[in-house]
Amino acid sequence: MEKFKSFSLSSPPLIFLSFLFLSSLSPISPSGGRRHYNESLFDATLLPNTSTYDFIIVGGGTAGCPLAATLSQHFKVLVLESGRNNQDYPQTATEDGFLQILADASSGVANSPAQSFTSLDGVSNIRGRVLGGGSSVNGGFYSRAQPAFFEAGAAAGIVWDMGLVNASYEWVEKKVVHRPKLDIWQTAVGGALLEANVRPFNGFSVEHLEGTKISGTTFGPDGRRHSAAELLGYAKLTNLVVALRATVEKILLDIHPGGLKKPFAKGVMYRDSLGRPHYAFLRPQGEVILSAGALGSPHLLLLSGIGPPNLLRPWHIPLAVSHPFVGQFLADNPQTGVTIISPFRLPTYLSKLVGISNSSSFYIETSTKNTPLHPQISAASPILNHTIASLFEKVACPVSTGSLWLASADVQDNPVVKFNYFASPVDMGQCIEGMRTMAKVLKSPKLEGFKFPGVFGGKEFRYVGPEMVRDEEDDLQLEGLCRKSLTTFWHYHGGCLVGKVVDSEYRVIGVDSLRVVDGSTFAVSPGTNPQATVMMLGRYVGSQLTKEKWTPNRFAAGKKR
Ligand SMILES: Cc1cc2nc3c(=O)[nH]c(=O)nc-3n(C[C@H](O)[C@H](O)[C@H](O)COP(=O)(O)OP(=O)(O)OC[C@H]3O[C@@H](n4cnc5c(N)ncnc54)[C@H](O)[C@@H]3O)c2cc1C
């Protein structure tokens, strides 16, 4: 920070030179014909040591891409993404690739598009580390948020413009969301959910509707994924630079002369894949926006000296702003359920159907995953046919929360994370209710065709892992199953909650020119699956910021830092 004290943020020659330099670089993947957002992607090694922008967005993920596309219409925007281009990874393009993404991350394959971490609860998990973030590695399920999500935001002070919320969802959906067809397994489960009283049947809808529905998907009819990265297709490319393999290590803070006002963000320091440091600075009235996700954003605040002093001291990180709630109220929705072997081969088909309980306290989804064996082996022995079908429950709004803290002062090391699954009996109660419903689903005649002949006659499911309980009225058995089958839905959220770390307009409380816009701001997981609302939020905040800051003369008059 000292080194750049004399740097003038409004130095016109430097700004001019940095854009001149960028326009002479070759993009990572040149494209012919119509202009493609690939033209704005650069490996960070190609970028200058210093540069200036109106907005610097940390994280080219699910929220960061729509935010950048929106802001680039009127402002110079730099996105810093620590991962590579998602197009470099064939496994991110298809549903079949989902298993490989999980396997590569958990076996620590270098440069894989996701990074694994295991919470102190002992549950292994992953986070996207690629352009598009979680939306490039996830299951593709797309569903808008429930009223309780917006109510929780309003209780924390957000004055939602619901017209803009809906327009923002539509903006996302136009580009990346598709209407799926159900395969035979999900069709059967849909019927079974109705028989288990998860009613009514709502047909296809991206709205949050109690009952059973088919939802949107980011996988198109040709099976190809459309991640948040494609929302960059809306961007004004001449205003946008997306730096890949650019890992932000620190937010650069400064204080106003005299130190009477709040400290402010003046830029960030990031490192490219060769280990070279770069400094990106803000133009006057510009902002740094963290969209690094529920782990990445609180992590970076801590590394920059914004957080609880006792969490910074062990790593000798100078305290910039004491902030007791950074990294707190971190939650993950427990996933519990059962997996059976299908008696016949089915393609990998991720979840497209959901049962939403009457009180929206739990959701049930399902998928099939196929591990191809040699066709002759499969034909000879259905037992060796590795198509597995899973039914899984999400506890909708866990009240149990945990936190994260630093494992080291190195941004490359995951923070230490603890979610405290089922610490509250309320969460266990909801899990039990969901598993009871799942037991009824499995009893439905609609699923008879997925059973094998039983050893003692009749037909039965072949389970992989924990089996469904015999008596669905026995809460103790159901609780045991909740604990035994516990894993993650990968919908972790929190760490920078609205009203605690950021204000109702996502500004970091106590620091100027710094916001957080991503899943770390959520107190409640939005809807059955969060990506719809994370993308919506990027567009929504981008639109509001544009309204607040832009005039034909670029920045709105009188909006001073
Ligand atoms: C395996 C899996 C399956 C899922 N399935 C679904 C599903 O089917 N439907 C659904 O709705 N949701 C699903 N989710 C959840 C959803 O994808 C996430 O909630 C959402 O993507 C989070 O968005 P975000 O913008 O908060 O963070 P992210 O999308 O994770 O974006 C953060 C980005 O910041 C980058 N970053 C972090 N730190 C730094 C740094 N210091 N410098 C530079 N860049 C940095 C990361 O590389 C990442 O690209 C799933 C998630 C996973 C992991």
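The name given to the protein in an unreviewed UniProt entry is R-mandelonitrile lyase-like protein, with the source organism recorded as Cinnamomum micranthum f. kanehirae. What UniProt states about the protein under its Cofactor (unreviewed entry) heading is, verbatim, "FAD". Comment text from UniProt for the protein, heading Sequence similarities (unreviewed entry), reads "Belongs to the GMC oxidoreductase family."

Here we take up the overall build of the protein. When you go through the protein residue by residue, the secondary structure sums to twelve helices and 30 strands. Expressed as a percentage of its 561 residues, the buried residues of the protein come to 59%. For the protein, the accessible surface area stands at approximately 21900 Å², while carbon and sulfur atoms represent 56% of it.

The next thing to look at is the site of the ligand. The ligand sits among 36 residues. The nearest are Thr62, Glu81, Gly134, Phe141 and Gln531. Glu81 is positioned such that a nitrogen or oxygen atom in its side chain is 2.6 Å from an oxygen atom of the ligand. Note that a nitrogen atom of the ligand is positioned 2.9 Å from one of the backbone N or O atoms of Val248. Contact with the protein chains covers 93% of the free accessible surface of the ligand, which is 1000 Å². At the level of secondary structure, the elements contributing two or more residues to the shell around the ligand comprise β3 (77-81), β5 (124-128), β11 (247-254) and α12 (531-549). Its residues assigned to classes, the shell around the ligand comprises 15 nonpolar, 18 polar and three charged.

Next up on the list: the sheet that holds strand β16 (residues 328-331). Pairing is antiparallel across the open sheet formed by four strands, whose spatial order is β22-β21-β16-β27. One side of each edge strand has no neighbouring strand; the edge strands of this open sheet are β22 (416-418) and β27 (493-495). On average, each strand axis in the sheet is tilted by 30° relative to the strand beside it, whichever way the strands run. As paired elements, β16 and strand β21 (residues 402-405) share two bridges and run antiparallel to each other. Each residue of the ladder has a partner; that of Gln328, found in β21, is Ser403. Running at roughly 50° to β21, helix α7 (residues 293-303) makes contact with β16, β21, β22 and β27 of the sheet.

In this section: the nonpolar core. If you look at the biggest cluster of nonpolar residues, it comprises 135 residues, and the most contacted ones within it are Leu301, Leu447 and Leu514. Of the domains in this structure, domain 1 (45-88 + 129-177 + 225-326 + 493-555) and domain 2 (181-214 + 334-396 + 422-485) are the two that each give at least three residues to this core. With sequence-adjacent residues up to four places away left out, Leu301 is seen in contact with Ile251, Leu290, Ile306, Val326, Cys496, Val501, Leu514 and Val516. Of all hydrophobic cores here, the second largest spans seven residues; its members include Ala105, Ile126, Val130 and Val137.

The subject of this paragraph is the UniProt feature "domain: Glucose-methanol-choline oxidoreductase N-terminal" (unreviewed entry) in the protein. Sites flagged by UniProt as "domain: Glucose-methanol-choline oxidoreductase N-terminal" (unreviewed entry) map to residues 128-151 and 293-307. Secondary structure across residues 128-151 comprises 21% helix and 12% strand; the distance between its end C-alpha atoms is 28 Å. The distance from the first to the last C-alpha atom of residues 293-307 is 17 Å, and the span holds 73% helix and 13% strand.

Interhelical geometry of helix α2 (residues 64-71) versus α12 gives an angle of 25° and a closest axis separation of 7 Å. Put simply, α2 runs roughly parallel to α12. By crossing handedness, the relation of α2 to α12 is classed as right-handed. Contacts between α2 and α12 involve Pro66, Leu67, Thr70 and Leu71 on the former and, on the latter, Met535, Gly538, Arg539, Val541, Gly542, Ser543, Leu545 and Thr546.

Turning to the UniProt feature "binding site: FAD" (unreviewed entry) in the protein, a few remarks are in order. Within this numbering scheme, the UniProt entry marks Val130, Val248, Trp490, His491, Gly519, Pro530 and Gln531 as carrying the feature "binding site: FAD" (unreviewed entry). Its location among the elements puts Gly519 in the loop between β28 (514-516) and α12. Assessed through its relative accessible area of 12%, Gly519 is described here as buried. Dropping the residues within four chain positions of it, Gly519 is found in contact with Ala294, His493 and Gly494.

Glancing now at the state of the cysteines. Tallied over the entire structure, the rule returns one disulfide. Between the sulfur atoms of Cys431 and its disulfide mate Cys482 the distance is 2.2 Å. Handedness of the Cys431-Cys482 disulfide follows from its S-S torsion of about -110°: it is left-handed. Highlighted residues: Cys431 in helix α10 (residues 425-443) and Cys482 in helix α11 (residues 475-484), separated in sequence by 51 residues. We note that Cys431, like Cys482, is buried.

Following the sequence through the fold, Lys213 ends up in strand β8 (residues 211-214). Sequence separation between Lys213 and Pro200 is 13 residues; the distance between their C-alpha atoms is 8.5 Å. Apart from the residues within four sequence positions on either side, Lys213 is in contact with Ser143, Phe201, Asn202, Gly203, Ser205, Val206, Glu207, Lys352, Leu353 and Val354. Polar side-chain contacts of Lys213 include one of 2.7 Å to the side chain of Ser143.

Okay, the pairing of β5 next. A regular strand places its side chains on the two faces of the sheet in alternate fashion. Inspection of the sheet shows strand β4 (residues 114-118) paired to β5 by five bridges, in the antiparallel sense. When the bridges of β5 are listed, Phe117 appears paired with Asn125. Here β4 folds back onto β5 in antiparallel fashion, the turn holding five residues, of which Gly122 has a positive phi close to 90°.

Within the secondary structure layout, Leu350 lies in the loop between β17 (334-341) and β18 (353-356). The exposure class assigned to Leu350 is buried, which follows from its relative accessible area of 3%. Placed 16 residues apart in sequence, Leu350 and Thr366 show a C-alpha to C-alpha distance of 7.3 Å. Discounting chain neighbours no more than four positions away, the residues touching Leu350 are Glu95, Phe98, Gly139, Gln186, Phe219, Thr366, Ser367 and Lys369.

What follows is about the pattern of salt bridges. Pairing between side chains becomes possible if they bear opposite charge and their charged atoms approach one another. Within the structure shown, the criterion is met by 21 salt bridges. In this structure, Arg436 and Asp475 form a salt bridge, with 2.9 Å as the shortest nitrogen-oxygen distance. Placement of the pair is Arg436 in helix α10 and Asp475 in helix α11, with a sequence separation of 39 residues. Taking the relative accessible area as the measure of exposure, Arg436 reaches 10% and is therefore buried. Look at Asp475 and you get partly exposed, because its relative accessible area is 38%. One salt bridge connects Glu479 with Arg483, and the closest N-O pair in it is separated by 3.1 Å. Of this pair, Glu479 and Arg483 are both found in helix α11, four residues apart, which corresponds to roughly one turn of the helix. One salt-bridge network, in which partners are shared between bridges, spans Glu287, Arg515, Glu548 and Lys549.

Here is what the cut-offs are and how they apply
Residues numbered from 1 in each chain as written. Predicted model: local features only at pLDDT ≥ 70, side-chain atom pairs only at ≥ 80, totals over all residues. Heavy atoms only, no water. UniProt positions renumbered as here; feature names shortened; annotations may be inferred. Helix = DSSP H or I, 4+ residues; strand = E, 2+ residues; numbered from the N terminus. Buried < 20%, exposed > 50% of the residue type's maximum accessible area, 1.4 Å probe, protein only. Areas by Shrake-Rupley, 256 points an atom, 1.4 Å probe, with all protein chains shown as cover. Near = heavy atom within 4 Å. Polar contact = N/O pair within 3.5 Å; in protein donor to acceptor, adjacent residues only side chain to side chain. Nonpolar A, V, L, I, M, F, W, Y, C, P; charged D, E, K, R; others polar. Pairing = 2+ DSSP bridges. Axes fitted to C-alpha atoms, helices over the stretch in contact; angles between N-to-C directions. Contact = heavy atoms within 4.5 Å. Core = buried A, V, L, I, M, F, W, Y, C linked by side-chain atoms within 4.5 Å. Domains from an automatic or database assignment. Parallel < 35°, antiparallel > 145°, perpendicular 65-115°, else oblique. Left-handed = near helix turned anticlockwise from the far one by under 90°. Disulfide = S-S within 2.5 Å. Salt bridge = Lys/Arg side-chain N within 4 Å of Asp/Glu carboxyl O.

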